[in-house]
Amino acid sequence: MAESGRIGLHNLKPAPGSRRPRKRVGRGEGSGMGKTSGRGQKGWGSRSGAKRRARFEGGQNPIHMRMRKLRGPHMKKSMPFEPFRTSTQPVNLADLEERFESAAEVTLDALKDKGLGSRKEIPVKVLARGEISKPLTVHAHAFSKTAREKIEAAGGTCQVIEIPAPWRRATDTSES
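Caption draft 1: Representation of the overall build of the protein chain within the structure. Scanning the protein chain from N- to C-terminus turns up 4 helices and 6 strands. The order of helices and strands in the protein chain, counted from the N terminus, is α-β-α-β-α-β-β-β-α-β. Taking as baseline every contact in the protein chain between residues at least 6 positions apart, the subset at least 24 positions apart corresponds to 37%. Working note: accessible area of the protein chain is about 14300 Å², and carbon and sulfur atoms make up 51% of it.

Printed below as a string of structure tokens:
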């Protein structure tokens, strides 16, 4: 530390043990890193320019090859299946029963405040696990058939929120 006790660019040092000297390879057999320089004898890894690519899994079939495929010619989605799957956030009736008072309005914001359906831009689907005894007005993107029946049997209502299609333009009037 400097005599004045001030830290500046002139007296900064890395923490002890955080910096190691670089490995000097190919400097004689007595160094322990001579001759083949830690690359082994023969094979792809010993050649110049050899690097492990990011998806390399030691020769076993990599995950992008093990994934299911959607077959078909000239389809953008004809390679890996999983990235194109539509996903929803499940919210169970037991969670609604536990977190909401009777005759409450269950909106997406209310769900988020109670710790349910918190992932942005992913549709919420209400599922029928558990029982419900309170009349609730539930707003969600989708309902399972049994969940809808249980909510309506308890005196509540189900309001479906439309999901805007990102591929449809606002000026598209082909549906009329």
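Caption draft 2: The arrangement of the nonpolar core in detail. If you look at the biggest cluster of nonpolar residues, it comprises 21 residues, and the most contacted ones within it are Leu-93, Leu-96, Phe-100, Leu-111, Val-126, Leu-136 and Val-138. When residues of this core are traced back to their parent elements, those giving at least two are α2 (93-99), α3 (108-113), β3 (124-127), β4 (137-140) and α4 (145-153). Not counting residues up to four positions away in its chain, the partners in contact with Val-138 are Leu-96, Val-106, Val-126, Phe-143, Ile-151, Thr-157, Cys-158 and Gln-159.

Caption draft 3: Local environment of the environment of Cys-158. Within the secondary structure, Cys-158 is located in strand β6 (residues 157-160). When neighbours within four sequence positions are excluded, Cys-158 is seen to be in contact with Val-138, Phe-143, Arg-148, Ile-151 and Glu-152.

Caption draft 4: Here's a closer look at the layout of surface pockets. Put simply, the largest pocket is a space of about 300 Å³. Taken together, 17 residues line the largest pocket, and the ones lying closest to its centre are Leu-108, Lys-120, Glu-121, Ile-122 and His-141. When residues in the lining of the largest pocket are grouped by element, the largest group, 4 residues, is from α3. For the lining of the largest pocket, the class distribution of residues is 7 nonpolar, 4 polar and 6 charged.

Caption draft 5: Summary view of the side chain of Gln-89. Tracing the backbone through its elements, the reader meets Gln-89 in strand β1 (residues 89-92). Judged by relative accessible area, Gln-89 falls into the buried class, the value being 5%. At 2.8 Å, the side chain of Gln-89 and the backbone oxygen of Ile-122 are in polar contact. For Gln-89, the residues in contact, after removing those within four places along its chain, are Gly-117, Ser-118, Arg-119, Ile-122, Pro-123, Val-124 and Lys-125.

Caption draft 6: Summary view of the sheet that holds strand β5 (residues 142-143). Taken together, 3 strands build an open sheet; the order of strands is β1-β3-β5 and the sheet is parallel. Both outer strands of the open sheet, β1 and β5, are each paired with one neighbouring strand and no more. Across 4 bridges, the pairing between β1 and β3 is parallel. Its bridge partner lying in β3, Val-91 is registered against Val-126.

Caption draft 7: Highlighting the sheet that holds β6. If you trace the 3 strands from one edge of the open sheet to the other, you get β2-β4-β6, paired in parallel fashion. In this open sheet, the two strands that pair with only one neighbour each are β2 (105-106) and β6. Judged from the 2 bridges that link them, β2 and β4 form a sheet pairing that is parallel. Across the sheet, Val-106 pairs through a bridge with Val-138, a residue of β4. Sitting on the sheet, α4 touches β4 and β6, and the angle it makes with β6 is about 135°.

Parameters and conventions
- Here the residue numbering is sequential within each chain, running from 1 through the sequence in written order.
- Since the coordinates come from a predicted model, pLDDT governs what is reported: local features require at least 70, and pairs of side-chain atoms require 80 or more to be given and counted, while whole-chain, interface and lining totals use all residues.
- To obtain the side-chain values, all non-hydrogen atoms of the structure were used and water was disregarded.
- Secondary structure is summarised from DSSP: a helix means a run of H or I of at least four residues, a strand means a run of E of at least two, and numbering begins at the N terminus for each.
- The contact definition used throughout considers only heavy atoms, calling two residues in contact when any of these lie within 4.5 Å.
- Note on areas: Shrake-Rupley with a 1.4 Å probe; residue coverage comes only from the protein chains shown.
- Here the nonpolar core consists of buried residues drawn from Ala, Val, Leu, Ile, Met, Phe, Trp, Tyr and Cys, with membership extended through side-chain atoms lying within 4.5 Å.
- Each residue's exposure class comes from its accessible area (1.4 Å probe, protein chains only) as a fraction of the maximum for that residue type: buried when under 20%, exposed when over 50%, partly exposed otherwise.
- Residues are said to line a cavity or pocket when one of their atoms sits within 4 Å of a point; the points come from a 1 Å grid over protein atoms alone, cavities being sets where a 1.4 Å probe fits but cannot get out and pockets being open sets with protein on both sides within 12 Å along at least five of seven lines.
- Grid points are joined across faces, edges and corners, and a volume is the space filled by probe spheres set on the points.
- Put simply, Ala, Val, Leu, Ile, Met, Phe, Trp, Tyr, Cys and Pro go in the nonpolar bin, Asp, Glu, Lys and Arg in the charged bin, and everything else, Gly too, in the polar bin.
- Side-chain atoms alone can form a polar contact between residues adjacent in sequence; in general such a contact is a pair of N or O atoms within 3.5 Å, and within protein one must be able to donate a hydrogen while the other accepts it.
- Two strands pair if DSSP finds at least two bridges between them.
- With axes taken as lines fitted to C-alpha atoms, and helix axes fitted only over the stretch in contact, angles between N-to-C directions fall between 0 and 180 degrees.

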